[in-house]
Amino acid sequence: MADRLKSKVAVISGGNSGIGETTAHTFAKEGAKVALMARREAEGKVVEEAIRSEGGDATFFSCDVRDRESVKKAVAATVEVYGRIDILFNNAGGGAGSRFPNEPDEEWLRVIDVNLNGTFYMSKAVWPHLVAAGGGAVVNMSSLAAQRGFSPVMVDTYGATSSSYYVAKAGVDALTRYMAGIGGANNIRVNCVRPGQIMTPGATGGTSKDADGGHHVFEKMFNFHQIIKGPGYPEDVANLVLFLVSEESRFLTAEIINVDGGVAAKI
């Protein structure tokens, strides 16, 4: 199937690597004009050029989602180039490794800023353009951390995960439901995805490896916690996001969907 997003303009934050990069390629192949937003310009330009070499339409816009003015400027530039916005994928985010109560205040603020505040700033800036377009679709990026509990054994198994990350992603879930309630009057659908362990450079780069170079932290997730064995890949998330922004999901809003190989069913 192709052209599911023909003539649509899609904004993707954190579009320069991992799930964001893969989703950008997926959207472009379905006919969307893609506005890639991220802080690292060199990486973003590489993605832009790759999509264009495949016959797609993409433009990189430098943007730090933690900075309101940076967000406003990037969104305005997108509209100047493409004339409208129909889709927003709030993908930018990141975690930290400190453990409560020793997590530094600066780390708490940074993680809340990029995950929760960034989602709010980007949504707020794009929203009037979705209204002007007669409707649209927003997908927010959450995490299983928003749903699951925490115990010290998780640190031994998977490494430390900060309290700020748990809180930020729970906030994204709540913001999703709130935005969906507001969006109904203007034909704007808002949904959210919660990936499990996905084989992205950012995720695997932060895990310990065994002697053969394998990511044994991920393998523990595959073997003990997932129903579907084996790793998840960025394409698994990108395909779900594509569904959520296409007309195939026209009757779906305010949903938070796990794409985790069944982890949430077992915890």
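Here the structure is shown first, and the text comes after it.
The rules we used
Residues numbered from 1 in each chain as written. Predicted model: local features only at pLDDT ≥ 70, side-chain atom pairs only at ≥ 80, totals over all residues. Heavy atoms only, no water. Buried < 20%, exposed > 50% of the residue type's maximum accessible area, 1.4 Å probe, protein only. Helix = DSSP H or I, 4+ residues; strand = E, 2+ residues; numbered from the N terminus. Pairing = 2+ DSSP bridges. Right-handed = clockwise from strand over helix to strand, strands pointing away. Axes fitted to C-alpha atoms, helices over the stretch in contact; angles between N-to-C directions. Contact = heavy atoms within 4.5 Å. Core = buried A, V, L, I, M, F, W, Y, C linked by side-chain atoms within 4.5 Å.

1. Some points on the pairing of strand S4 (residues 87–90)
Going residue by residue along S4, you find Ile 87 and Phe 89 tucked away on one face and Leu 88 and Asn 90 tucked away on the opposite face as well. Two strands pair when backbone bridges link them, and strand S1 (residues 9–13) and S4 are joined in this way by three bridges, in the parallel orientation. When the bridges of S4 are listed, Ile 12 appears paired with Phe 89. The sheet contact formed by S4 and strand S5 (residues 136–141) spans four bridges and is parallel. Of the residues in S5, the one forming a bridge with Leu 88 is Val 138. Each parallel crossover has a hand, and for S4 linked through helix H4 (residues 105–132) to S5 it is right-handed.

2. Details of the sheet that holds strand S2 (residues 33–38)
The seven strands lie next to each other as S3-S2-S1-S4-S5-S6-S7, forming an open sheet whose pairing is parallel. Because the sheet does not close on itself, it has two edges, and the strands there are strand S3 (57–62) and strand S7 (256–259). Each neighbouring strand pair of the sheet contributes to a mean axis angle of 20°, computed without reference to strand direction. In the packing of helix H2 (residues 41–53) onto the sheet, contacts are made with S2 and S3, and the angle to S3 comes to roughly 170°. Across the face of the sheet, helix H6 (residues 163–183) comes into contact with S5, strand S6 (188–195) and S7 while running at roughly 160° to S6.

3. What to know about the pairing of S5
Among the six residues in S5, six count as buried, and that is most of the element. Of the two faces of S5, the one holding Gly 136, Val 138 and Asn 140 and the one holding Ala 137, Val 139 and Met 141 are both buried throughout. Direction of pairing for S5 relative to S6: parallel, over a ladder of six bridges. Residue pairing in the sheet places Asn 140 in a bridge with Cys 192 of S6.

4. Regarding the nonpolar core
Counting 29 residues, the largest nonpolar core has Phe 27, Val 34, Val 193, Val 237, Val 241 and Val 245 as the members making the most contacts within it. When residues of this core are traced back to their parent elements, those giving at least two are S1, helix H1 (18–29), S2, H2, S3, S4, S5 and helix H9 (234–245). Ranked by residues supplied to this core, first place goes to H9 with six residues. Here Phe 27 is in contact with Leu 5, Ala 10, Ile 12, Ala 32, Val 34, Ile 87, Val 241, Leu 242 and Val 245, once residues within four sequence places are set aside. In this structure, Met 37, Ala 92, Trp 127 and Leu 130 belong to the second largest nonpolar core, which totals 25 residues.

What is shown is where atoms sit, not what they do.
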